[in-house]
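Chain by chain, the residues run as shown.
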Amino acid sequence: MPDVKTSRTDIHITPPPPSQSPSESTAVLLRELVAHLRQLRTNLREEWARKITEAKLLTAMSREEIFAEATSVYDNYVEVLETGAVEALQAYARDLSERIIPRGVETDEVVGIVLLLRDVLARSLFAKYQADFKQLNYILDAYEPAANRIANTVAVGFVQERERIIRQQQEAIRELSTPVLQVRERLLILPIIGLIDPQRARQLTEQLLRGIRTNRARVVVIDITGVAAMDATVANHLVQTVEASRLLGATVIVTGLSPEIAQTLVTIGVDLGKMNTVGDLQGGIEEAERLLGYKVVPFGDSTQQA
């Protein structure tokens, strides 16, 4: 019986021509890869969404939401492979992060879904080029650096956005913990409670000076009854805050000085005789009203300005 020769026509092999540069060869291979991923978009996207659910990632989101995000990420992913430009993916990663971070999605989940997508796409390449390992190696050599770059871009974008949100939340907490209160025209009170570190001291000063300027305050009462202790750095910052307020035209009255804090102020060389201090908050308010020209009148225990 004569030999029967068979040939395969279902695999299109396009090794890079020797005359092409490495970058040109990579571009050709990526175009072939992009065409493959777009052709199988529906199946690969569904497989990826299923693997996300099986891996119990993005559990704070519904199946419909996961599928919608998978569609967007997939399309952005393929576009980056085609163009090499990550700007659109960076913008999408920030937008995605803004939406899912408040829902409790963690960094490892985002990294996990991107790695799952890389795995799904790599498996599809193995299936397509399983009969020709040489061509498979060409494709993987072009695909893997691009896939790693995309994974890094998404992960870094998510971490940066998460850190921004955390800083924003911390700032909001600090503002709530050190409110500048207007209790009377031209009179502000700043009650401070808890530990004061250098960062909080700077933020406190900024808030107070902004409040003085906005409210055109003439007297400020800073009550530190709720501050157990402060080191020399923070004590110096308090003195600087008093001086900065004076430059803006406001007199500062400090109330609630503990013996420990008073000793710290003396140790760093502050002349307490030059700092307007009163024992408690009530006394500080009364002194502030006196400086503003308010006086007590017989009816209703109220005050009026002289």
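Refer to the structure above for everything that follows.
Residues numbered from 1 in each chain as written. Predicted model: local features only at pLDDT ≥ 70, side-chain atom pairs only at ≥ 80, totals over all residues. Heavy atoms only, no water.

(A) A look at the overall build of the protein. Regarding its fold elements, the protein presents ten helices and seven strands. Burial analysis of the protein (306 residues in total) assigns 41% to the buried set. For the protein, the proportion of contacts with a sequence separation of at least 24, taken over those separated by at least 6, is 71%. In the structure as shown, the protein presents an accessible area of about 17,500 Å², 53% of it carried by carbon and sulfur atoms. (Helix = DSSP H or I, 4+ residues; strand = E, 2+ residues; numbered from the N terminus. Buried < 20%, exposed > 50% of the residue type's maximum accessible area, 1.4 Å probe, protein only. Contact = heavy atoms within 4.5 Å. Areas by Shrake-Rupley, 256 points an atom, 1.4 Å probe, with all protein chains shown as cover.)

(B) The arrangement of the side chain of N76 in detail. You can see N76 is positioned in helix α3 (residues 63–83). A polar side-chain atom of N76 sits 2.7 Å from the main-chain carbonyl oxygen of S72. Ignoring any residue separated from it by four or fewer positions in sequence, one finds N76 in contact with A88, L89 and Y92. (Polar contact = N/O pair within 3.5 Å; in protein donor to acceptor, adjacent residues only side chain to side chain.)

(C) Examining the sheet that holds strand β5 (residues 277–278) more closely. Taken together, the five strands give an open sheet; going across it, the order is β1-β2-β3-β4-β5, and neighbouring strands pair in mixed fashion. The sheet is open, and its two edges are formed by β1 (181–184) and β5, each paired on a single side. The strands that helix α10 (residues 281–292) touches are β1, β2 (187–193), β3 (219–226), β4 (251–255) and β5; relative to β3, the one it contacts most, it runs at about 175°. (Pairing = 2+ DSSP bridges. Axes fitted to C-alpha atoms, helices over the stretch in contact; angles between N-to-C directions.)

(D) Representation of the pattern of salt bridges within the structure. In the structure shown here, the tally under the stated rule is twelve salt bridges. Here E69 makes a salt bridge to R99, at a shortest N to O gap of 2.3 Å. Of this pair, E69 sits in helix α3 while R99 sits in helix α4 (residues 87–100), and the two are 30 residues apart along the sequence. Relative accessible area serves as the criterion here: at 14%, E69 is assigned to the buried category. A salt bridge links E287 to R290; the nearest nitrogen and oxygen atoms lie 2.6 Å apart. Of the two residues, E287 and R290 both sit in helix α10, three residues apart, roughly one turn of that helix. When salt bridges that share partners are traced, they join E69, D95 and R99 into one network. (Salt bridge = Lys/Arg side-chain N within 4 Å of Asp/Glu carboxyl O.)

(E) Geometry of the packing of α3 against α4. Axis separation between α3 and α4 bottoms out at 10 Å; the angle between their running directions is 160°. Judged on the interaxial angle alone, α4 and α3 are roughly antiparallel. Two packed elements cross with a definite hand, and for α3 against α4 that hand is left-handed. Facing α3, whose interface residues are E69, S72, V73, N76 and V80, α4 presents A88, L89, Y92, L96 and R99. Taken together, the residues of the contact of α3 with α4 sort by class into six nonpolar, two polar and two charged. (Parallel < 35°, antiparallel > 145°, perpendicular 65-115°, else oblique. Left-handed = near helix turned anticlockwise from the far one by under 90°. Nonpolar A, V, L, I, M, F, W, Y, C, P; charged D, E, K, R; others polar.)

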